[in-house]
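# Descriptive structure summary
This is what each chain is made of:
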Amino acid sequence: MDTLLNPSLPRQETVTLTPPQRLSSVDAYRGFVMLLMMAEVLEFAHVAEAAPGSSFWSFLHHHQDHVPWVGCSLHDLIQPSFTFLVGVALPYSIASRSSRGHSTTYLWLHMLRRSLILILLGIFLRSMYSQQTNFTFEDTLTQIGLGYPFLFALGFTTPRIQWAALAAVLVGYWLLFALYPLPGPDFDWAQAGVAADWPHHLQGFAAHWNKNTNAAWAFDRWFLNLFPREKPFLYNGGGYATLSFIPTLGTMILGLLAGQWIKGRTSAGSLLKRLLITGVLLLAVAVILNWSGIAPNIKRIWTPTWTLFSGGWCFILLAGFYYVVDILQTRRWFLPLIVVGMNSIAAYVLAHTVVGFIDQSFRIHISQQYDLLFGSTYRTLISGGVILLVQWLVLYWMYKKKLFIKI
């Protein structure tokens with residue numbers, strides 16, 4: 001592995017590598033997006049509905065939900081941020097395992113095992129309330145698992161090849177949608193699960209990226225029906241698709257580039273400037289592509305524009321956390337986020353498994369109406385706050401015991 005990282009070294013020479021120092025800002029950023037995901041239990045939608053005249057709760061509700069199709073909310077940035085940080089961590093992971101003398105073959109086998117576990121874990125969590133295994137591949141973990149082998153391979157290449165791979169992924173995926181025929185006048189919209197007059201339909205060339213009438217939807221109508229199902233797959237209600245793992249790989253490549261810059265940084269100031277400039281440039285290109293109609297900005301099908309737009313925000317957010325946490329050295333103030341960020345897989349599983357158990361336990365042992373402390377309007381804030389606190393305390397206990405779930 002040493003000769004792979006530095007070809008000039010003789011193969012018989014043994015070199016001890018020192019694993020790079022972990023950045024607290026990366027853990028804080030990861031913890032931030034994980035807490036945003038876990039905070040869904042607060043259900044701002046309920047409070048906004050109970051207080052219809054409040055612009056404050058309406059604003060929070062908007063940013064705790066995904067936009068219907070084109071556009072972005074804070075909630076929409078959770079998955080790309082988590083995905084981006086997978087790429088950021090890869091150079092550190094490779095260097096760490098190489099420093100322990102692991103062979104190239106071992107690294108590849110470990111990568112394949114990690115990829116398979118992510119896919120299977122994603123399917124398991126999506127099947128928890130089903131009568132049989134729900135073979136679906138559009139959630140965060142399966143999307144990362146499907147793209148991870150390609151990211152890992154790119155981790156051993158040069159930045160020029162990585163940028164070229166990013167361009168090929170985005171242009172190729174754009175062509176796939178652009179060349180897929182639009183629905184004709186006799187199209188049965190019931191088969192797509194969306195009304196013909198849905199207000200979020202796009203017109204003109206951008207219609208190639210409409211909900212459940214696009215190339216990725218057509219692929220899933222074939223691919224997902226290869227697996228055992230209770231009934232044939234016709235469409236995904238949210239418009240999500242398996243093939244989104246391809247442009248999601250683009251987001252991970254952007255993270256990989258950022259991770260290499262961080263790992264090889266010579267000065268904090270130059271790194272900060274590089275991250276910010278890259279983020280602003282990506283946002284600018286994405287805005288132009290969306291405004292021109294060349295490629296709309298849609299998170300649910302992860303359009304190439306979304307890869308650039310969300311990637312731009314990821315660079316900016318990473319720069320912000322890097323400046324505040326690492327440059328200003330305020331790690332202790334971000335410990336609540338770091339606790340979550342260092343155990344992100346555990347946090348993800350907790351958020352998808354024990355919510356009902358915690359709530360029911362409080363109803364049994366405290367009060368059936370413990371969440372009505374401040375009235376029915378704010379009941380989800382009470383129950384959600386309790387659930388979040390218990391989950392965080394579990395993660396804090398794991399942090400203190402140095403129990404970190406890694407795949």
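Residues numbered from 1 in each chain as written. Predicted model: local features only at pLDDT ≥ 70, side-chain atom pairs only at ≥ 80, totals over all residues. Heavy atoms only, no water.

Considering the arrangement of structural elements, one finds T142 in helix 7 (residues 140-154). Spatially, the C-alpha atoms of T142 and L118 are 5.8 Å apart, while their sequence positions differ by 24 residues. Sequence-distant contacts of T142, that is, excluding residues within four places in its chain, are made with L118, I119, G122, I123, T136 and F137. Polar contacts involving the side chain of T142 include one to the main-chain carbonyl oxygen of F137, which spans 3.2 Å. A polar contact is formed between the side chain of T142 and the side chain of D139, at a distance of 2.6 Å. (Helix = DSSP H or I, 4+ residues; strand = E, 2+ residues; numbered from the N terminus. Contact = heavy atoms within 4.5 Å. Polar contact = N/O pair within 3.5 Å; in protein donor to acceptor, adjacent residues only side chain to side chain.)

A few words on the environment of Q143. Structurally, the position occupied by Q143 is in helix 7. Judged by its relative accessible area of 1%, Q143 is buried. Q143 sits 60 residues away from T83 along the chain, and the two C-alpha atoms are 8.9 Å apart. Not counting residues within four places of it along the chain, the set of residues in contact with Q143 comprises Q79, F137, E138, A241, T242, S244, F245 and T248. (Buried < 20%, exposed > 50% of the residue type's maximum accessible area, 1.4 Å probe, protein only.)

Okay, helix 7 next. What sets the pattern is the α-helix's 3.6 residues per turn: residues three or four places apart point alike. Look at helix 7: 20 Å from first C-alpha to last across 15 residues, which is about the 21 Å you get at 1.5 Å a residue. Along helix 7, the largest kink reaches about 45° and is centred on Y148; proline P149 follows within four residues of it. In terms of residue burial, helix 7 counts as a mostly covered element, since 11 of its 15 residues are buried. Taken together, the buried positions of helix 7 are occupied by T140, L141, T142, Q143, I144, G145, G147, Y148, L151, F152 and L154. (Expected span 1.5 Å × (residues − 1). Bend = angle between axes of the 7 residues up to and from the residue.)

With respect to the helices, strands and loops of the structure, R30 is situated in helix 2 (residues 24-38). With relative accessibility at 10%, the residue R30 sits in the buried group.

Moving on, we get to helix 5 (residues 78-99). Look at helix 5: 32 Å from first C-alpha to last across 22 residues, which is about the 32 Å you get at 1.5 Å a residue. At A89, helix 5 is bent by approximately 35°, the largest bend along its length, and proline P91 sits one to four residues beyond. Counting buried residues in helix 5 gives 20 out of 22 residues, a clear majority hidden from the surface. At the exit of helix 5 stands G101, carrying a positive phi of roughly 80°.

Turning next to the nonpolar core. Generally speaking, nonpolar side chains in soluble globular proteins are found buried as a group. Formed by 84 residues in total, the largest nonpolar core has its most connected members in F84, L151, L318 and L395. Counting residues per element, this core draws most heavily on helix 12 (residues 304-327), at 10 residues. Aside from chain neighbours lying at most four places away, what touches L151 is V86, G87, L90, L249, M252, I253 and L256. Core analysis: the next-biggest nonpolar cluster, separate from the first, contains 18 residues, A206, A215, A216 and I298 among them. (Core = buried A, V, L, I, M, F, W, Y, C linked by side-chain atoms within 4.5 Å.)

Another point: the pattern of salt bridges. Applying the stated criterion to the full structure yields 4 salt bridges. Ionic pairing is found between E138 and R126, a salt bridge with its closest N-O pair at 2.7 Å. Taken as a pair, E138 in the loop between helix 6 (104-126) and helix 7 and R126 in helix 6 lie far apart in primary sequence, 12 residues in all. Since its relative accessible area comes to 36%, R126 is described here as partly exposed. For D371, the salt bridge goes to R363, with nearest N and O atoms at 2.9 Å. In terms of burial, D371 and R363 fall into one category: buried. What you see here is one network of salt bridges that share partners, running through D359, R363 and D371. (Salt bridge = Lys/Arg side-chain N within 4 Å of Asp/Glu carboxyl O.)

Time to look at the packing of aromatic side chains. Applying the stated rule across the entire model yields 31 aromatic pairs. Plain terms: the ring middles of W108 and F152 are 4.9 Å apart, the flat faces sit at 85° to each other, and that makes the pair edge-to-face. Of the two residues, W108 sits in helix 6 while F152 sits in helix 7, which places them 44 residues apart along the sequence. The exposure class of F152 is buried, given its relative accessible area of 5%. Taking the centre distance of 6.2 Å and the plane angle of 45° together, the rings of W222 and F223 count as tilted. (Phe/Tyr/Trp six-rings, centres within 6.5 Å; stacked < 30°, edge-to-face > 60°.)

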